[in-house]
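Each chain, written out:
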Amino acid sequence: GFTQKADVFRQIDGEIIRIVDIQHSVKRHCFQVNLGIHLRPLGEYVMGCTGKPLVIETMREYDCAWRNSILPNLINDYDSDWLYGSNEQEAIEMVQFLVSEWNRQSQIFFNALAHWPQDFIHQANLAVQNPIHPMDMAKLCHVAAAAGNLDLVKTLAELALPAVPERATSLKQKLESFMINPHLAIPNISP
């Protein structure tokens, strides 16, 4: 269900956009397989809703609100680089391993946020039970607002505010504004 343009694959499923972005590092002789999930109602998303409309045809994984990678886990548990290999046999083995890991790793990521709005609201409710980074809580405020759950916006903002680093004044102001007026979290996308 993905369409390909260069090394980027996009799938649009109602409000949900899924991206697989193969990013090459020729100098380091490796590549990454990066995954992204984004919501149309959020519009362009750079550290929060910008108010600009999406240009889906040019979106990359780093334009998405949720991001992950298919990890090779060959050398360690955190390396995100897939090696080209120094010969054809090594390249074939790397591709075979990538294919064997694809279903397991991609499905865990994509299936967690497969349905709008229920899966996204579920993530927000989980964050109420176990608060996550304040920046991610602010993202979930936008999600809750886009889904029409303004009470959840206020709850998320209240929980996130005490964990905001002292110097993150913009984030603090945003969360305070959401607490006072949760309608401000509704993404306002310009035409």
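Up top is the structure these notes are about.
Residues numbered from 1 in each chain as written. Predicted model: local features only at pLDDT ≥ 70, side-chain atom pairs only at ≥ 80, totals over all residues. Heavy atoms only, no water.

Participant: Sorry if this is basic, but what is going on with the pairing of strand E2 (residues 8-13) here?
Facilitator: Both faces of the sheet carry side chains from a regular strand, because those side chains alternate between them. In the sheet, strand E1 (residues 3-5) pairs with E2 via three bridges, with the strands oriented antiparallel. Paired with Thr3 across the two strands is Arg10, which belongs to E2. If you look at the hairpin formed by E1 and E2, you'll find two residues sitting between the two strands, and Ala6 has a positive phi there, around 60°. In this sheet, strand E3 (residues 16-25) lies alongside E2 in antiparallel orientation, the contact comprising six bridges. (Pairing = 2+ DSSP bridges. Helix = DSSP H or I, 4+ residues; strand = E, 2+ residues; numbered from the N terminus.)

Participant: It is not clear to me how the environment of Arg40 should be interpreted in this structure. Could you clarify?
Facilitator: Its location among the elements puts Arg40 in the loop between strand E4 (30-39) and strand E5 (66-70). Measuring from C-alpha to C-alpha, the distance between Arg40 and Asn68 comes to 19 Å, with 28 residues separating the pair along the chain. Here Arg40 is in contact with Ile12, Gly14, Glu15, Ile17, Leu54 and Ile56, once residues within four sequence places are set aside. A polar side-chain atom of Arg40 sits 3.1 Å from the main-chain carbonyl oxygen of Gly14. (Contact = heavy atoms within 4.5 Å. Polar contact = N/O pair within 3.5 Å; in protein donor to acceptor, adjacent residues only side chain to side chain.)

Participant: Help me understand the nonpolar core, please; the structure alone is not making it clear to me.
Facilitator: Across soluble globular proteins, nonpolar side chains have a tendency to be buried as a group. Counting 41 residues, the largest nonpolar core has Ile37, Trp66, Phe120, Cys141, Val153, Leu156 and Leu175 as its most contacted members. Secondary-structure elements contributing two or more residues to this core are E3, E4, E5, helix H1 (88-112), helix H2 (118-129), helix H3 (134-146), helix H4 (150-160) and helix H5 (169-180). Broken down by element, this core gets its largest block of residues, seven residues, from H3. Judged by nonpolar contacts, the second largest core, of six residues, contains Ile17, Ile19, Ile56 and Met59. (Core = buried A, V, L, I, M, F, W, Y, C linked by side-chain atoms within 4.5 Å. Buried < 20%, exposed > 50% of the residue type's maximum accessible area, 1.4 Å probe, protein only.)

Participant: Where do I start with the packing of aromatic side chains in this structure?
Facilitator: The description of an aromatic ring pair uses the distance of the two centres, along with the angle that the planes make with each other. Scanning the entire structure with this criterion turns up six aromatic pairs. With a centroid separation of 6.2 Å and an interplanar angle of 50°, the aromatic rings of Phe2 and Phe110 are classed as tilted. Within this pair, whereas Phe2 is found in the segment before E1, its partner Phe110 is found in helix H1, the two being separated by 108 residues in sequence. Since its relative accessible area comes to 6%, Phe110 is described here as buried. Chaining the aromatic ring pairs together yields one cluster made of Phe2, Phe109 and Phe110. (Phe/Tyr/Trp six-rings, centres within 6.5 Å; stacked < 30°, edge-to-face > 60°.)

Participant: Mind showing me how you'd approach the environment of His133 here?
Facilitator: Mapped onto the elements, His133 comes out in the loop between H2 and H3. Looking at His133, the relative accessible area reads 46%, which means it is partly exposed. A C-alpha to C-alpha distance of 24 Å links His133 and Ile19, two positions 114 residues apart in sequence. For His133, the side chain forms a polar contact with the main-chain nitrogen of Met135, separated by 3.0 Å.

Participant: Quick question: what am I supposed to make of H4 here?
Facilitator: Residue pairs three or four apart in sequence face the same way in an α-helix, which turns once every 3.6 residues. When we look at burial in H4, the residues that qualify are Leu150, Leu152, Val153, Leu156, Ala157 and Ala160. Projection of H4 onto a plane perpendicular to its axis shows the buried side chains occupying an angular sector of 155°, all on one side. In this structure, the buried side of H4 is in contact with H2, H3 and H5. (Arc of directions from axis to C-beta.)

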